[in-house]
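# Understanding the architecture of this molecule
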Amino acid sequence: MTLERPLAPLRAEGVARTGDARVPRHVAIIMDGNGRWAAKRGLPRVAGHRAGAEAVRKTVRAAAEAGVEVLTLYAFSSENWRRSAEEVSDLTALMRFYLDHELASLKKEGVQLELIGEPEAFGPDLAARLQRAVESTRHNRAITLVMALNYGSRGELAKAAQTLAVKAQRGEIDPASIDEAMIGAELQTARWPELDLLIRTSGEVRLSNFLLWQAAYAELIFLDTLWPDFDAASLTAALGQYAVRQRRFGGR
Ligand code: FPP
């Protein structure tokens, strides 16, 4: 992400950046279709993932410019370990490459990097690099980029249940007092605004264990675009669709 000018640090802590309810504060994307993009071109799957990383760069910048506060990207699911050893290794190499080559740009652009999932599973070296990147972008305010790495929503919910059960066992909480807010507070996404918009590319219409709890009232957009073809115009179009939807949150 080599940009001509830094993104303005528009966001004050805890305050909606644009104040415009038509701009989603928190957008999440299931970046699907890298493999098919590559296959269409007779290229190896890793070429699709590399092109996917380019789409990540463009999308982060476009989201920041649109006034989105938090962008959560499903980069590696807890089920992706079932892929071939070669593809897993390609994906982790790409993450390392992205960190090495993009960190300076992320800092310059005011992007705060955060992680959800269990990135420790990628080994101590990559986990430490990721953690250093999180630390070094901690004060950035143009946009928060949350990378979901070795993330699975059911696992996240099971962990939250375990934590609450331990607190109950210790007598710190009354089991009867456990409510939606307490569960939400144990999720890794607790510190960010509610998810407003979830986009999935590549024509697949499912959530694939991504942000199941958080998506309860999110608007969902499924696009046929393969992830490497997703760009600023695709994001703008999706935000346009979101802007004209009426959110009811179960009311009328
Ligand atoms: C789904 O496409 C995509 C993934 C499993 C990984 C997403 C990874 C990237 C976008 C690149 C890595 C990003 C960074 C920032 C390092 P698929 O392989 O399932 O595609 P297919 O369904 O067409 O086979």
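Everything discussed here concerns the structure shown above.
So, here is what we can say about the structure in this document.

Thresholds, definitions, all that
Note on numbering: residues in each chain are counted from 1, in written sequence order. pLDDT decides what is reported in this predicted model: residues at 70 or higher carry local features, side-chain atom pairs at 80 or more are listed and counted, and totals for whole chains, interfaces and linings draw on all residues regardless. Hydrogens are left out, water is left out, and the side-chain values use all remaining heavy atoms of the structure. Here a residue counts as near a molecule or strand whenever at least one of its heavy atoms sits within 4 Å of it. Polar contacts, as used here, are pairs of N or O atoms within 3.5 Å; protein pairs need one atom able to donate a hydrogen and one able to accept it. Residues neighboring in sequence count only if both atoms are side-chain atoms. For every accessible area listed, the method is Shrake-Rupley and the probe measures 1.4 Å; residues are considered covered only by the protein chains on display. The helix and strand labels rest on DSSP assignments: H or I over at least four residues marks a helix, E over at least two residues marks a strand, and numbering proceeds from the N terminus. Here the nonpolar group is Ala, Val, Leu, Ile, Met, Phe, Trp, Tyr, Cys and Pro; Asp, Glu, Lys and Arg are the charged ones; every other residue, Gly included, is treated as polar. Here a helix's expected span is defined as the number of its residues, less one, multiplied by 1.5 Å. Whether a residue is buried, partly exposed or exposed follows from its accessible area with a 1.4 Å probe, protein chains only, as a fraction of its type maximum: under 20%, in between, or over 50%, in that order. Taken from the helix axis, the directions to the C-beta atoms give the arc we talk about. Any pair of residues with heavy atoms lying within 4.5 Å of one another is described as a contacting pair. Think of it this way: DSSP has to see at least two bridges between two strands before they count as a pair. Here an axis means a line fitted to C-alpha atoms, over the contact stretch when the element is a helix, while the angle between two N-to-C directions is reported on a 0 to 180 degree scale. When an angle is under 35 degrees it counts as roughly parallel; over 145 it counts as roughly antiparallel; between 65 and 115 it counts as roughly perpendicular; any other value is oblique. Here is the rule for handedness: rotate from the far helix to the near one, and if that takes an anticlockwise turn smaller than a right angle the crossing is left-handed, while a clockwise turn gives right-handed.

What follows concerns the site of the ligand. Around the ligand, a shell composed of 18 residues is seen, among which Met 31, Gly 35, Arg 36, Arg 45 and Arg 83 lie nearest. In the environment of the ligand, an oxygen atom lies 3.3 Å from a nitrogen or oxygen atom belonging to the backbone of Gly 33. Summarising the interface, the protein chains cover 91% of the accessible area of the ligand, which totals 620 Å² for the free molecule. Residue assignment for the shell around the ligand shows that the elements contributing at least two residues are α1 (34–40), α2 (45–66) and α3 (85–108). Of the residues in the shell around the ligand, the class split is 8 nonpolar, 6 polar and 4 charged.

For helix α7 (residues 232–243), spanning 12 residues, the distance from its first C-alpha to its last is 16 Å, which sits close to the expected 16 Å at 1.5 Å a residue. Buried within α7 we find Ser 234, Leu 235, Ala 238, Leu 239 and Tyr 242. Projected down its long axis, α7 carries its buried residues within an arc of 135°, all on one side. Residues of α7 that are exposed and point more than 90 degrees away from the buried face comprise Ala 233 and Thr 236. Packing partners of the buried residues in α7 comprise β1 (26–30), α2, β5 (197–200) and β6 (219–222).

This paragraph deals with the sheet that holds β1. Either a parallel or an antiparallel arrangement is found when strands of a sheet pair, and the pairing is made through backbone hydrogen bonds. Read across the open sheet, the 6 strands follow the order β3-β4-β2-β1-β5-β6; overall the sheet is parallel. For this open sheet the edge positions go to β3 (111–117) and β6, each flanked by a neighbour on one side alone. Each strand of the sheet is rotated relative to its neighbour by a mean of 20°, with strand direction disregarded. Bridging between strand β2 (residues 70–77) and strand β4 (residues 143–151) involves 7 bridges; their strand directions are parallel. Looking across to β4, one finds that Ser 77 is bridged to Tyr 151. Running at roughly 140° to β3, helix α4 (residues 124–136) makes contact with β3 and β4 of the sheet.

Among the structural elements, Ala 127 can be located in helix α4. Placed 31 residues apart in sequence, Ala 127 and Arg 96 show a C-alpha to C-alpha distance of 9.8 Å. Setting aside its immediate chain neighbours within four residues, Ala 127 contacts Pro 119 and Glu 120.

So, about the packing of α2 against α7. Running from amino to carboxyl end, α2 crosses α7 at an angle of 40°, the nearest separation of the two axes being 9 Å. When the interaxial angle is binned, α2 and α7 end up oblique. You can see that α2 and α7 cross each other, and the crossing is right-handed. Mapping the contact onto sequence places Thr 59, Ala 62, Ala 63 and Ala 66 in α2 and Ala 232, Leu 235 and Leu 239 in α7.

Burial within β1 is extensive, with 5 of its 5 residues counted as buried. By the alternation rule, side chains of β1 split into His 26, Ala 28 and Ile 30 and Val 27 and Ile 29, which are all buried. Where β1 and β2 come together, 5 bridges link them in parallel fashion. Bridge pairing in β2 places Ala 28 opposite Thr 72. Relative to β5, β1 runs parallel, the two being bridged by 4 bridges. Paired with Ile 30 across the bridge in β5 is Arg 200.

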